[in-house]
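Each chain, written out:
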Number of protein chains: 2
Amino acid sequence: MLVLITYDVNTETSAGRKRLRKVAKKCVDHGQRVQNSVFECLLNASQYAVLKAELTALIDPALDSLRFYQLGNNYQTKVEHVGLHPEFAQDSVLIF
Amino acid sequence: MLVLITYDVNTETSAGRKRLRKVAKKCVDHGQRVQNSVFECLLNASQYAVLKAELTALIDPALDSLRFYQLGNNYQTKVEHVGLHPEFAQDSVLIF
């Protein structure tokens, strides 16, 4: 299934910027960056559970947030993009 | 239906920062801010078409991007939130 992951990480401190880098790195390793803090990841239920736990461990829950949207398997018709395309290698996860 | 709207606006110039303010204002007027550049909007098909056109007119498509995800009417089980809750008035659109 396609899981959309969005995050807000507070970068007012160096610790925050470090958390941001770690969260971004983890997402890059598991999906397709479609905007600066928006990723689309093709995951099964088990992979989703693991990634959610790993990301949860990286953030400061008092300062940062994560949101996960399960878009299912028939997501092609549910996503629309307008404007600049991200400068990343495209694969089947990236929908324009 | 619930429509998730995410945006990246290039804020390197004052014109970009002005576009960002306009895009954010438009989204605030039509939905619930759940992260800094992530909004959830309850819209019918007609409202969705209008909002998409209005937002498209506000951005610079060579520098900025918008993404729209249609989450349908049964979205309650598809969304998960971790960490800091946004400091906005909650309504039925906001799912935690």
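This one's a predicted model, so the numbers in the text were calculated from it and none came from an experiment. (Residues numbered from 1 in each chain as written. Chains lettered and ligands numbered in written order. Predicted model: local features only at pLDDT ≥ 70, side-chain atom pairs only at ≥ 80, totals over all residues. Heavy atoms only, no water.)

**Remarks on the relation of the copies chain A and chain B**
Consideration 1: Screw-axis analysis of chain A against chain B gives a translation of 0.0 Å along the axis, an RMSD of 0.0 Å, and a rotation angle of 180 degrees. Both copies are brought into coincidence by an operation consistent with a two-fold rotation axis. Considering only C-alpha atoms, the part of chain A nearest the rotation axis is Leu71(A), at 3.6 Å.
Consideration 2: A share of 100% of interface residues in chain A that are also interface residues in chain B marks the association as one of identical surfaces. (Least-squares fit on C-alpha atoms with pLDDT ≥ 70 in both. Contact = heavy atoms within 4.5 Å.)

**With respect to the side chain of Lys52(A)**
Consideration 1: Residue position: Lys52(A) is located in helix α2 (residues 45-58).
Consideration 2: Given the relative accessible area of 17%, Lys52(A) is considered buried.
Consideration 3: Ignoring anything within four residues of it in the chain, the contact list for Lys52(A) reads Phe68(A) and Glu80(B). (Helix = DSSP H or I, 4+ residues; strand = E, 2+ residues; numbered from the N terminus. Buried < 20%, exposed > 50% of the residue type's maximum accessible area, 1.4 Å probe, protein only.)

**A closer look at the layout of surface pockets**
To find leftover empty space, a probe the size of one water molecule is rolled over the atoms.
Consideration 1: One number sums up the size of the largest pocket: a volume of about 370 Å³.
Consideration 2: In this structure, the largest pocket is lined by 18 residues; those nearest its centre are Asn36(A), Ser37(A), Asp8(B), Asn36(B) and Ser37(B).
Consideration 3: Elements that contribute at least two residues to the lining of the largest pocket include exactly β1 (2-8) and α1 (14-30) of chain A together with β1 (2-8) and α1 (14-30) of chain B.
Consideration 4: Split into classes, the residues belonging to the lining of the largest pocket amount to eight nonpolar, six polar and four charged. (1 Å grid on protein atoms, 1.4 Å probe; cavity = no way out; pocket = protein on both sides within 12 Å on 5 of 7 lines; lining within 4 Å. Points joined across faces, edges and corners; volume = space filled by probe spheres on them. Nonpolar A, V, L, I, M, F, W, Y, C, P; charged D, E, K, R; others polar.)

**Some words on the side chain of Ser37(B)**
Consideration 1: With respect to the helices and strands, Ser37(B) occurs in the loop between β2 (32-35) and β3 (38-42).
Consideration 2: Setting aside its immediate chain neighbours within four residues, Ser37(B) contacts Ile5(B), Thr6(B) and Tyr7(B).

**Overview of the UniProt feature "binding site: Mg(2+)" (unreviewed entry) in chain A**
Consideration 1: Those residues carrying the UniProt feature "binding site: Mg(2+)" (unreviewed entry) are Asp8(A) in this numbering.
Consideration 2: Following the sequence through the fold, Asp8(A) ends up in strand β1.
Consideration 3: With relative accessibility at 26%, the residue Asp8(A) sits in the partly exposed group.
Consideration 4: In this view, Asp8(A) contacts Asp64(A), Ser65(A), Gln35(B) and Asn36(B); residues no more than four positions away in its chain are not counted. (UniProt positions renumbered as here; feature names shortened; annotations may be inferred.)

**Regarding the interface of chain A and chain B**
Consideration 1: Every contact between the two is made by 34 residues of chain A and, on the other side, 34 residues of chain B.
Consideration 2: Counting the surface chain A buries against chain B, the share from its top three residues, Arg67(A), Glu80(A) and Val82(A), is 25%.
Consideration 3: Where chain A packs against chain B, one counts four salt bridges.
Consideration 4: For the salt bridge of Lys52(A) with Glu80(B), the shortest nitrogen-to-oxygen distance reads 2.7 Å.
Consideration 5: A per-element tally of the side of chain A that touches chain B places strand β4 (residues 65-72) of chain A first, with seven residues.
Consideration 6: Each residue belonging to the side of chain A that touches chain B can be placed in one class, and the counts come to 18 nonpolar, nine polar and seven charged.
Consideration 7: In this sheet, strand β4 (residues 65-72) of chain B lies alongside strand β5 (residues 79-83) of chain A in antiparallel orientation, the contact comprising five bridges. (Buried area = accessible area lost by both parts, 1.4 Å probe. Salt bridge = Lys/Arg side-chain N within 4 Å of Asp/Glu carboxyl O. Pairing = 2+ DSSP bridges.)

**Digging into the environment of Cys27(A)**
Residue and element names in this part refer to chain A.
Consideration 1: Relative to the elements of secondary structure, Cys-27 occurs in helix α1.
Consideration 2: C-alpha separation for the pair Cys-27 and Glu-40, spaced 13 residues apart in sequence, amounts to 8.7 Å.
Consideration 3: Among residues more than four places away in sequence, those in contact with Cys-27 are Ile-5, Tyr-7, Phe-39 and Leu-55.

**Describing the packing of α1(A) against α2(A)**
The relative placement of two packed helices comes down to the angle between their axes together with the axis-to-axis distance.
Residues and elements named next belong to chain A.
Consideration 1: Contact geometry for α1 and α2: axes closest at 9 Å, N-to-C directions at 165 degrees. Here α2 runs roughly antiparallel to α1, going by the angle between their axes. The way α1 lies across α2 gives a crossing that is right-handed. Mapping the contact onto sequence places Arg-19, Lys-22, Val-23, Lys-26, Cys-27 and His-30 in α1 and Leu-51, Glu-54, Leu-55 and Leu-58 in α2.
Consideration 2: Here the residues of the contact of α1 with α2 sort into five nonpolar, one polar and four charged. (Axes fitted to C-alpha atoms, helices over the stretch in contact; angles between N-to-C directions. Parallel < 35°, antiparallel > 145°, perpendicular 65-115°, else oblique. Left-handed = near helix turned anticlockwise from the far one by under 90°.)

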